[in-house]
Amino acid sequence: MTATFRFAPSPNGPLHLGHALSALLNLDMARSVNGRVLLRIEDIDTVRCTPDLVSAMLDDLHWIGFDADPPHRRQSEHFADYADALQRLGAMGLIYKAVLTRAEIRHVVAQRDAAGLSWPRDPDGAPLYPGDAALLSEAEVTTRLAQGEPYALRLDMTRALQMAGTPLDWLETGTGPAGESGQVTADPSAWGDVILARKDTPTSYHLSVVVDDARQGITHVVRGHDLFHATSVHRLLQHLLDLPAPVYQHHRLITGPDGRKLSKSAGDTGLRDLREAGWTPADIRARIGL
Ligand code: GLU
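Heads up: these notes are all about the structure in this document. (Residues numbered from 1 in each chain as written. Predicted model: local features only at pLDDT ≥ 70, side-chain atom pairs only at ≥ 80, totals over all residues. Heavy atoms only, no water.)

### Side note on the pairing of strand β10 (residues 247–251)
With respect to burial, β10 is a largely interior element, four of its five residues being buried. Bridge count between strand β9 (residues 220–224) and β10: five bridges; the pairing is parallel. Looking across to β10, one finds that Val-222 is bridged to Gln-249. The β-α-β motif built from β9, the intervening helix α8 (residues 230–240) and the parallel element β10 has right-handed crossover chirality. (Buried < 20%, exposed > 50% of the residue type's maximum accessible area, 1.4 Å probe, protein only. Helix = DSSP H or I, 4+ residues; strand = E, 2+ residues; numbered from the N terminus. Pairing = 2+ DSSP bridges. Right-handed = clockwise from strand over helix to strand, strands pointing away.)

Structure, rendered in structure tokens:
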């Protein structure tokens, strides 16, 4: 089997040095084993991912020398694939419509926290979904849905873990944020009932990433530390959907001068700005330690 890598940016802001590290690491690793490296445009957020951002992204990638092997995959062209996977999970009884608003979740969590029952947070720091029943009767849930109110399609984590039955793990050839490496045990329960789709969006990051990694025949996932814990959810979905598990390698993040992780939205130095300031692709490689 040909080793197949991918770089999977979400074009909802300009690319920065952190993206350059991920893209070029994938490229270098693929080339060093005579493998393939694919580009996947993660544009399920069709409002934020504008055509201008996508073309600027392609231009920046070309400039740094990230020449992916064809074909490129654009998630916005594959909603039917994700809907199909969602339907399979639904048929297994693992999906429910969750109607609590963000404000209501905050309210339940504040109540629990105030009662000294500190509510569990997921690895990204967001409170776990408390379940509709924390605030609403079954009849109220039904009424909201009948009135056409927004909802999220969530994975029933307890049932999903019961169905999976066996503990899951993955091969980590990099290191996690706490130095995890080798065979790592997945802990999907740390995420609670994750969102897999919304009323108006038939997928989520977690769902589309596992479907696409399988569709594209990805054997090696190389991405930043910030997605290390998400791998637990990905392994569970792969298991439930009968998809192969790639090898994972999570890499260091590039930080700004203040030690903060770079982010698109925070307006950190983008590749475009550096190029306009006279940097060369070789300067970029040197700055990110490649
Ligand atoms: N689209 C994700 C991001 O830009 C990365 C997805 C992945 O590598 O699994 O953060």
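### Things to note about helix α2 (residues 51–64)
End to end, α2 covers 20 Å across 14 residues, agreeing with the expected 20 Å (1.5 Å per residue, within 8%). For α2, the set of buried residues is Val-54, Met-57, Asp-60, Leu-61, Trp-63 and Ile-64. Structurally, α2 contributes buried residues whose contacts are with β1 (4–7), α1 (17–32), β2 (36–41), β3 (69–74), α9 (271–276) and α10 (281–287). Taken from the residues just after α2, Gly-65 is the one with a positive phi, measuring 90°. (Expected span 1.5 Å × (residues − 1). Contact = heavy atoms within 4.5 Å.)

### Thoughts on the site of the ligand
Around the ligand lies a shell formed by Arg-6, Ala-8, Pro-9, Ser-10, Glu-42, Tyr-205, Val-209, Arg-223 and Leu-227. Arg-6 is positioned such that a nitrogen or oxygen atom in its side chain is 2.7 Å from an oxygen atom of the ligand. Considering the ligand on its own, with 300 Å² of exposed area, one finds that the protein chains cover 80% of that surface. Its residues placed into classes, the shell around the ligand shows five nonpolar, one polar and three charged. (Near = heavy atom within 4 Å. Polar contact = N/O pair within 3.5 Å; in protein donor to acceptor, adjacent residues only side chain to side chain. Areas by Shrake-Rupley, 256 points an atom, 1.4 Å probe, with all protein chains shown as cover. Nonpolar A, V, L, I, M, F, W, Y, C, P; charged D, E, K, R; others polar.)

### Examining the packing of helix α6 (residues 157–164) against α8
Remark: α6 packs on α8, axes separated minimally by 10 Å, with the N-to-C direction vectors making an angle of 60°. One finds that α6 runs oblique with respect to α8. When you trace α6 past α8, the crossing you get is left-handed. Taken together, the residues of α8 that come into contact with α6 (itself represented by Met-157, Ala-160, Leu-161, Met-163 and Ala-164) are Leu-236, His-239 and Leu-240. (Axes fitted to C-alpha atoms, helices over the stretch in contact; angles between N-to-C directions. Parallel < 35°, antiparallel > 145°, perpendicular 65-115°, else oblique. Left-handed = near helix turned anticlockwise from the far one by under 90°.)

### Some details on the pattern of salt bridges
Counted by the stated rule, this structure contains 17 salt bridges. Across the pair Arg-31 and Asp-69 runs a salt bridge whose closest N-O atoms are separated by 3.4 Å. With a gap of 38 residues between them, Arg-31 in helix α1 and Asp-69 in strand β3 connect regions that are remote in the sequence. The exposure class assigned to Arg-31 is partly exposed, which follows from its relative accessible area of 39%. Where Asp-212 meets Arg-73, a salt bridge forms, and the shortest distance between an N and an O atom there is 2.7 Å. Here the residue Asp-212 occupies a position in helix α7 (residues 205–215), and Arg-73 occupies one in strand β3, the gap between them amounting to 139 residues. Each member of the pair, Asp-212 as well as Arg-73, carries the same accessibility label: buried. Here the salt bridges do not stand alone but share partners, grouping Arg-6, Arg-40, Glu-42, Arg-73, Asp-81, Asp-212, Asp-213 and Arg-215 into one network. (Salt bridge = Lys/Arg side-chain N within 4 Å of Asp/Glu carboxyl O.)

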